[in-house]
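# What the coordinates show
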Amino acid sequence: DDHILPMAETEAKMVSNQLGGTWLADATRHDLKEGSASVLHIASHGEYHQQPELSFIDLSDGRLYSAELLQYDLQYELITLSACETGQARPSGGDELIGLGRTFMYAGAGALITSMWRVDDDHAYAFMTKLYRYLKQGLSKSTALRTAYCETINQYGDEHPALWGAFQLSGNPEPLSFTQVQ
């Protein structure tokens, strides 16, 4: 596979260590349907397509296209898509945006963290480590994201923000109400 992400398993373990619960380095469609945790963190390869229904995120049992997501009831408090281009969307006929991340929201996510462009595997891991540390401390999702960015700026201030600044939050900004992650 030409989209191997060496840090994906390490990132999944880190999230589990921060919040407790089990970790899935090789999530499948079945895992999405059977999820019992409040947080779903997917560290994988993702890709935006001009036809948003063809945008996807890789799971261990193949690509999960945005068009498929409406079959799922993803009642997670937070879904993090630590993958490339998961937050890109385009306007539909009305004012609504359509894309992979938006489809996760339609499928039930209370809040969603996505990336707006291609992300570097090592930088994504370092950023997610900061983000989940702040979430564990009880900060709101929006404050945790901002604080992780401030720490990242201090750490990587000499590097272009395109390397580490791709992530955004949609949905409920309130603190997490749980400690178990999938």
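Before reading further, recall that the structure is shown in the block above.
Residues numbered from 1 in each chain as written. Predicted model: local features only at pLDDT ≥ 70, side-chain atom pairs only at ≥ 80, totals over all residues. Heavy atoms only, no water.

### Points about the overall build of the chain
If you tally the helices and strands in the chain, you get five helices and nine strands. Written out in order from the N terminus, the α and β elements of the chain read α-α-β-β-β-β-β-β-β-α-β-α-α-β. Burial statistics for the chain: of 182 residues in total, 48% are counted as buried. Partitioning the contacts of the chain with sequence separation of at least 6, the portion at a separation of at least 24 is 74%. Entry remark: accessible area of the chain is about 8600 Å², with carbon and sulfur atoms responsible for 49%. (Helix = DSSP H or I, 4+ residues; strand = E, 2+ residues; numbered from the N terminus. Buried < 20%, exposed > 50% of the residue type's maximum accessible area, 1.4 Å probe, protein only. Contact = heavy atoms within 4.5 Å. Areas by Shrake-Rupley, 256 points an atom, 1.4 Å probe, with all protein chains shown as cover.)

### Quick word on the sheet that holds strand S2 (residues 46-47)
Here three strands make up an open sheet; going across it, the order is S2-S3-S4 and the pairing antiparallel. On the outer flanks of this sheet lie S2 and strand S4 (62-65), each paired with one strand and no other. Direction of pairing for S2 relative to strand S3 (residues 56-59): antiparallel, over a ladder of two bridges. Within S3, the position partnered with Gly46 by the bridge is Ile57. (Pairing = 2+ DSSP bridges.)

### Thoughts on the packing of aromatic side chains
Here the structure, examined in full by the defined rule, presents three aromatic pairs. Both rings, one in Phe127 and one in Phe167, keep their centres 5.6 Å apart while their planes meet at 5°; by these two values the pair is stacked. Taken together, the positions of Phe127 in helix H4 (residues 121-136) and Phe167 in strand S9 (residues 167-171) put the pair 40 residues apart, joining distant regions of the chain. Accessibility expressed as a relative area gives 1% for Phe127, which makes it buried. Over the face of the ring belonging to Tyr134 we find Arg133, whose NZ or CZ atom lies 4.9 Å from the ring centre. (Phe/Tyr/Trp six-rings, centres within 6.5 Å; stacked < 30°, edge-to-face > 60°. Lys NZ or Arg CZ within 6 Å of the ring centre and 35° of its normal.)

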